[in-house]
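Letter by letter, the chains look like this.
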Amino acid sequence: MSDYDIAAAFEKIENELIDSMMRNLFHHRAEETAEGYNWAQWQAEELKSLERYRKRNYEKFGRQFSELNGKVSKILEAARANGNAAQEAKILQAIKDGFNAPERLSKTSTAEFFKLNDKKLNALIKSTTDDLKRAQTAVLRMSDDRYRRAIYSAQVYCSTGASTYEKAVDMACRDMLNAGLNCIEYKNGARHTLSDYADMALKTANKRAYLRGEGEKRAEWGISTVVVNLRQGGCPSCAQYIGRVFIDDVYSNGKPSDGDYPLLSTAIEGGLFHPRCKDSTSTYYEGITALKTVSDDELAVMSEREELEAEQNYAARQVRRFERREKYSLDPDNRRIAGARKKQWENKSEKLQKELNDFDNNNSVKSVANSDESGIIKLQINLFDKSDPLWAEAFSIEEEDGFEDICIHGSPTSVQRIVNGSPKIIQQKNLRSI
């Protein structure tokens, strides 16, 4: 199970909490009498239902939360192992390309370093799991609170002019349906749902575990210098660090005496590797790695892309907002209106996603492709230089008779192949669901 799967599982739990609440409110509809709704009786029944709702949620989702939390350690341990293996392949390739590797650490030093890193990884796992547990408790408490508020607010809305019971309940639950169970509040006051927080926390922890795995292998080889990679769609806030060499004192056991370069810890303190940061580092090989910093034009492209991506993310959130209102509203008119608004935002989201894909295609370096008389595509890889981690990956794969290697370029939303010198989108969907 990946971090994407866990975030999706939390979103499913949130939707089930809302669905259960709205079904209870629908099934315990107030009885009509000559005087109207018997709200006192309805409230008494709903409060009894609230107690059953709370008990059921804590029993059912408590077990699910426990199972999901148990998978966090496996995900982070796998990320560390992947980083370790990938980094060794890159170092071995660099040695083939002429890098004069320093003397490797002694077995005693390596064992001590790995023991220390084990403690750091365990601390990361514990911190991430504890944060998720607190968030899980918060979402259950918020669902109870929103149910109780709906019970008391529905009567108020009905007495102030709501024409039907269904409309009164929808008005009482509108804030919850608009925002979801946004039980997490950040320091800046922004509120987020459990699934959104889990997505951020697991991605951040996953990156740190992967970097730790890479750093372990560098330390084993006696290498501590890294460079921040230049990539498409980079963070404008981290652009100042791209193409600069650092001594990795965080993950690779580097020391200030290792060279005349700043420490990676200073860059991290300055904002590098912030939550949801997509930037990464690769090993810097003296005399081999080509350095390229970000130009003003490239920074402008990064900023433009970030704005476009933010618009697309906002449109996607609006789709989920009106999808909740369409699915869970009790009044047919409210469901119909929400469905129409959802369709409008879906169209806008798809349009923005296409603009984002076109933007990436128009601002990316393309490889050169030629075909022989048999029609087999042959690719000349000139997308990357040796500072790019994809360089080592591309040439670390052994050739196999009867097969041609084809370069595939991917992003979180699309996959492209190079055909006759121009990129062609062969799949356009959210890769997280694959």
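Structure: see above.
Report on the accompanying structure. (Residues numbered from 1 in each chain as written. Predicted model: local features only at pLDDT ≥ 70, side-chain atom pairs only at ≥ 80, totals over all residues. Heavy atoms only, no water.)

### Brief notes about the pattern of salt bridges
Here is the rule we go by: Definition used for salt bridges: Asp or Glu carboxyl oxygen within 4 Å of a side-chain nitrogen of Lys or Arg. Per the convention used, a helix needs a DSSP run of H or I reaching at least four residues, while a strand needs a run of E reaching at least two, with both numbered from the N terminus.
Going through the model one piece at a time under the given rule, you end up with 29 salt bridges. Between K48 and E45 there is a salt bridge, with the nearest N and O atoms lying 4.0 Å from each other. Highlighted residues: K48 and E45, both in helix α2 (residues 39-96), separated by 3 residues, approximately one helical turn. Of the charged contacts in the structure, one is a salt bridge between E326 and K342, with a shortest N-O distance of 2.9 Å. In this pair, E326 is assigned in helix α7 (residues 296-328) and K342 in helix α8 (residues 332-362), connecting sequence segments 16 residues apart.

### Details of the pairing of strand β5 (residues 225-228)
Consecutive side chains of a regular strand alternate in pointing toward one face of the sheet and then the other. The condition is simple: The classification of residues rests on relative accessible area computed with a 1.4 Å probe and restricted to protein chains. Under 20% of the type maximum is buried, over 50% is exposed, and intermediate values are partly exposed. Note on pairing: two strands pair once DSSP finds at least 2 bridges between them.
Alternating positions in β5 separate into two faces, T225 and V227 on one and V226 and V228 on the other, with burial throughout. Note that β5 and strand β6 (residues 245-247) share 3 bridges and pair antiparallel. Note that in β6 the partner of T225 across the bridge is I247. Sheet topology note: the β5/strand β7 (residues 281-283) ladder contains 3 bridges and is antiparallel.

### Some details on the side chain of N24
Our working rule: Throughout, a residue-residue contact means that at least one pair of heavy atoms, one from each residue, lies within 4.5 Å.
Its place among the elements puts N24 in helix α1 (residues 3-27). Excluding anything up to four places from it in sequence, N24 contacts E46, S49, Y53 and Y147.

### Quick look at the nonpolar core
Put simply, the rule reads: We call a set of buried Ala, Val, Leu, Ile, Met, Phe, Trp, Tyr and Cys residues a nonpolar core when their side-chain atoms join them within 4.5 Å.
Counting residues in hydrophobic clusters, the biggest one holds 53 residues, and the most contacted among them are F10, M22 and L25. Those elements that place two or more of their residues in this core are α1, α2, α3 (107-159), α4 (165-179) and α5 (194-221). Residue contributions to this core peak at 13 residues, all from α3. Each residue touching F10, except ones within four places of it in the same chain, is listed here: F65, L68, L132, Q136, L194, S195 and A198.

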